[in-house]
Amino acid sequence: MAGEDQAAVHAHAHANHLVGGHWLREKTGAPLVIGARIGDVQRVFAPRFAMDDLATDGRQFDKLLEEGATLPLGNLTIRVLHTPGHTPACVTYLIGDAAFVGDTLLMPDYGSARCDFPGGDAAMLHASIQKILALPP
Ligand SMILES: [Fe+2]
């Protein structure tokens, strides 16, 4: 069973992540959390996949995270940065001196994430990467 400091955190809506997250919640009881703009992603993809019955307000998740939100992680705190561009709902999780950037910023030889999915935005991705790079070392 999930404790108060347990959660399955999504950096963004990536189909295989979403399926795995719901499976994890079912198996562990850990609440699912994701960026607050997940509804923007759902509204883009629902008509493309003829998912007429999909609620597009993020209700499939237990908590929608805004910029600056915090989550407990043992004696640490997870802080949320909204870093859109790859998708409108991408977030970066700051834990101690580490930044978990999802697909916003990839390995040096790959550079940035793609932003050509529906709802992706190159200018937003660039701004998000600048935000990440402005973090302390
Ligand atoms: Fe992705």
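Look above for the structure.
Rules and cut-offs
- Residues numbered from 1 in each chain as written.
- Predicted model: local features only at pLDDT ≥ 70, side-chain atom pairs only at ≥ 80, totals over all residues.
- Heavy atoms only, no water.
- Pairing = 2+ DSSP bridges.
- Helix = DSSP H or I, 4+ residues; strand = E, 2+ residues; numbered from the N terminus.
- Axes fitted to C-alpha atoms, helices over the stretch in contact; angles between N-to-C directions.
- Phe/Tyr/Trp six-rings, centres within 6.5 Å; stacked < 30°, edge-to-face > 60°.
- Buried < 20%, exposed > 50% of the residue type's maximum accessible area, 1.4 Å probe, protein only.

Draft legend 1. Main features of the sheet that holds strand β6 (residues 91–95). The strand order β4-β5-β6-β7 describes an open sheet built from 4 strands, whose pairing is antiparallel. Here the strands that pair on one side only, and so sit at the sheet edges, are β4 (70–73) and β7 (98–100). Between one strand and the next, the sheet's axes are offset by a mean angle of 25 degrees, whatever the strand orientation. Pairing of β6 with β7, which is carried by 3 bridges, proceeds in the antiparallel orientation. In the sheet register, Leu 94 faces β7, and the bridge partner there is Ala 99.

Draft legend 2. Quick look at the sheet that holds strand β2 (residues 32–35). Reading across the sheet, the 3 strands line up as β1-β2-β3 and stay open at both edges, with parallel pairing between neighbours. Edge positions in the sheet fall to β1 (8–9) and β3 (63–65), since each of these pairs with one other strand and no more. Direction of pairing for β2 relative to β3: parallel, over a ladder of 3 bridges. Counted as the bridge partner of Val 33 is Lys 63 from β3.

Draft legend 3. Spotlight on the packing of aromatic side chains. A full pass over the atoms with the stated rule returns 1 aromatic pair. Consider the rings of Phe 45 and Phe 49, whose centres lie 5.9 Å apart with planes at 15 degrees: the pair is stacked. Look at Phe 45 and you get partly exposed, because its relative accessible area is 25%.

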